[in-house]
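If you want the building blocks of each chain, they are given just below.
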Amino acid sequence: MSDTTHEGAIAVSAPPSPDDGLTPAALAAKYGLAVSGARPGLADYVRQLWGRRHFILAFSQAKLTAQYSQAKLGQLWQVATPLLNAFVYYLIFGLILGTKKGIPQEVFVPFLVTGVFVFTFTQSSVMAGVRAISGNLGLVRALHFPRASLPVSFSLQQLQQLLFSMIVLVAVAVAFGSYPRLSWLLVVPALALQFLFNTGLALIMARLGSKTPDLAQLMPFVMRTWMYASGVMFSIPVMLKDKPSWIADVLQYNPAAIYMDLVRYALIDGYGASNLPAHVWFAALLWAVILGVAGFVYFWKAEERYGRG
């Protein structure tokens, strides 16, 4: 195909390309190309995450080991930190402010320690989730992997830390007269549901924290408020018996209070079913499923944007 120019020269034009008229998406599909870092479908994303399960476990264990590597007492701080917090709360709230209000001493001490340990599990998962993406940008930008691996791994790290703390919690319960019985097995499903709830919450906070790093500075105040409203240092129905009943209901059905009360009910003699709200196991399951699923989907929807800000 040729044309003669005004100077007599012949110019040869290129033949039409077979790709002319194709959209970018059609062109990519024709040659088997994919957008780098594109968000996979939800089912594919779940499969990818399951395929990284060994990485998730190894990463959580490495983080747990490194957390106290510079301290002389090492991983003993995993147990000592919440135990010291419980001791301080006992001095302030139990002795000075008298928040035990008729609860026997042999019940109140394990009640308080259980509350501190179990709430710390949620608190630490949330705080780790906020920094899961923003604090690991080098890893996020260097490697291709489902980004949900990071907040899930941090939640798993906090679960492992709680399991170390359970040794002390069991010792405290036994020291104050609560001996092993079948109800202790209820701790397993209670913590499993709390782990699912914590993971969903960590995924939500990871997405929010990836774009707003200052959120990490705000969350300690939010978590402290949540702790005081969840009955860590006092029994909600006892403290609010003179208040409108709906206030106690709202506080008792908040997820932090539910998971604490389930573990308390399982471990502590003298902390019976009368201290629990109605349908407490259903409420615990509902919170875990709703936050777990919603948190996972919310995080997945921004998968292609992590590390690109």
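Residues numbered from 1 in each chain as written. Predicted model: local features only at pLDDT ≥ 70, side-chain atom pairs only at ≥ 80, totals over all residues. Heavy atoms only, no water.

*Asks:* Hey, could you run me through the overall build of the chain in this one?
*Replies:* A count of helical and extended segments in the chain gives 13 helices and two strands. Taken over 309 residues, the chain has a buried fraction of 44%. In the chain, the proportion of contacts linking residues at least 24 apart, taken out of those at least 6 apart, comes to 78%. Counting every atom, the chain has about 16,200 Å² of accessible surface; 68% of that belongs to carbon and sulfur. (Helix = DSSP H or I, 4+ residues; strand = E, 2+ residues; numbered from the N terminus. Buried < 20%, exposed > 50% of the residue type's maximum accessible area, 1.4 Å probe, protein only. Contact = heavy atoms within 4.5 Å. Areas by Shrake-Rupley, 256 points an atom, 1.4 Å probe, with all protein chains shown as cover.)

*Asks:* What exactly am I supposed to notice about unusual backbone geometry here?
*Replies:* Negative phi values dominate among residues other than glycine, just as trans dominates among peptide bonds. For His-279, which is not a glycine, the phi torsion comes out positive at approximately 55°. Judged by relative accessible area, His-279 falls into the exposed class, the value being 65%.

*Asks:* Explanation requested: the environment of Ala-58 in the structure shown.
*Replies:* Positionally, Ala-58 belongs in helix H3 (residues 53-67). Separated by 95 residues in sequence, Ala-58 and Ser-153 have C-alpha atoms that sit 8.6 Å apart.

*Asks:* Got a minute to help me understand a positive patch on the surface in this structure?
*Replies:* Taken together, Arg-39, Lys-211, Lys-301 and Arg-305 make up a surface patch of like positive charges. Here Lys-211 shows up in helix H8 (residues 187-211). With a relative accessible area of 52%, Lys-211 lands in the exposed category. (Patch = residues over 30% accessible without salt bridge, like charges linked within 9 Å, V, L, I, M, F, W, Y side chains within 5 Å. Salt bridge = Lys/Arg side-chain N within 4 Å of Asp/Glu carboxyl O. Lys, Arg positive; Asp, Glu negative; His and termini not counted. Charge placed at Lys NZ, Arg CZ, Asp CG, Glu CD.)

*Asks:* I'm lost on the packing of H8 against helix H9 (residues 215-228) in this one. Help?
*Replies:* The angle between the axes and the distance between the axes are what describe a pair of packed helices. The contact between H8 and H9 brings their axes to 11 Å, and the two run at 145°. As for how H8 packs across H9, the hand of that crossing is right-handed. Residues Phe-197, Leu-201, Met-205, Leu-208 and Gly-209 of H8 form the contact with H9, whose own contacting residues are Leu-215, Met-219 and Trp-226. (Axes fitted to C-alpha atoms, helices over the stretch in contact; angles between N-to-C directions. Left-handed = near helix turned anticlockwise from the far one by under 90°.)

*Asks:* What exactly am I supposed to notice about a nonpolar patch on the surface here?
*Replies:* A cluster of nonpolar side chains, Phe-87, Val-88, Leu-91, Ile-92, Leu-95, Ile-96 and Leu-97, forms an exposed patch at the surface whose accessible area comes to about 660 Å². The class for Leu-97 is exposed, based on a relative accessible area of 55%.

*Asks:* What is the right way to look at the layout of surface pockets in this model?
*Replies:* Unfilled space is identified by rolling a water-sized probe across the atoms. Volume-wise, the largest pocket comes out at about 590 Å³. The wall of the largest pocket is formed by 27 residues, among which Thr-120, Gln-123, Ser-124, Met-127 and Gln-158 lie closest to the centre. Where the lining of the largest pocket is concerned, the elements lending two or more residues are helix H4 (77-96), helix H5 (105-130), helix H7 (149-175) and H9. For the lining of the largest pocket, the element with the highest residue contribution is H5, accounting for nine residues. Tallied by class, the residues present in the lining of the largest pocket amount to 13 nonpolar, twelve polar and two charged. (1 Å grid on protein atoms, 1.4 Å probe; cavity = no way out; pocket = protein on both sides within 12 Å on 5 of 7 lines; lining within 4 Å. Points joined across faces, edges and corners; volume = space filled by probe spheres on them. Nonpolar A, V, L, I, M, F, W, Y, C, P; charged D, E, K, R; others polar.)

*Asks:* What am I meant to see in the pattern of salt bridges here?
*Replies:* For the structure on display, the rule yields three salt bridges. For the salt bridge of Asp-44 with Arg-47, the shortest nitrogen-to-oxygen distance reads 2.1 Å. One end of the pair is Asp-44 and the other is Arg-47, both in helix H2 (residues 42-51) and three residues apart, which spans about a single turn. With a relative accessible area of 36%, Asp-44 lands in the partly exposed category. The salt bridge involving Arg-181 is made with Asp-269; its shortest N-O contact spans 2.9 Å. One end of the pair, Arg-181, is in the loop between H7 and H8; the other, Asp-269, is in the loop between helix H12 (255-267) and helix H13 (280-300), with 88 residues separating them in the sequence. Judged by its relative accessible area of 28%, Asp-269 is partly exposed.

*Asks:* Teacher, can you tell me more about the nonpolar core here?
*Replies:* Across soluble globular proteins, nonpolar side chains show a tendency to be buried alongside one another. The biggest cluster of nonpolar side chains holds 86 residues, and the ones touching the most others in it are Phe-119, Met-219, Tyr-259, Leu-267 and Phe-299. Per-element accounting of this core gives the leading share, 15 residues, to H5. With residues up to four places along the chain from it excluded, the contact list for Tyr-259 reads Val-118, Ala-190, Leu-193, Gln-194, Phe-197, Ala-284, Trp-287 and Ala-288. (Core = buried A, V, L, I, M, F, W, Y, C linked by side-chain atoms within 4.5 Å.)

*Asks:* Honestly, the packing of H2 against H13 in this entry has me stumped. Any pointers?
*Replies:* Remark: H2 packs on H13, axes separated minimally by 11 Å, with the N-to-C direction vectors making an angle of 100°. With respect to H13, the axis of H2 lies roughly perpendicular. Counting all contacts with H2, which are made through Leu-42, Tyr-45, Val-46 and Leu-49, the residues of H13 involved are Phe-296, Val-297, Phe-299 and Trp-300. Of the residues assigned to the contact of H2 with H13, the class counts are eight nonpolar, no polar and no charged. (Parallel < 35°, antiparallel > 145°, perpendicular 65-115°, else oblique.)

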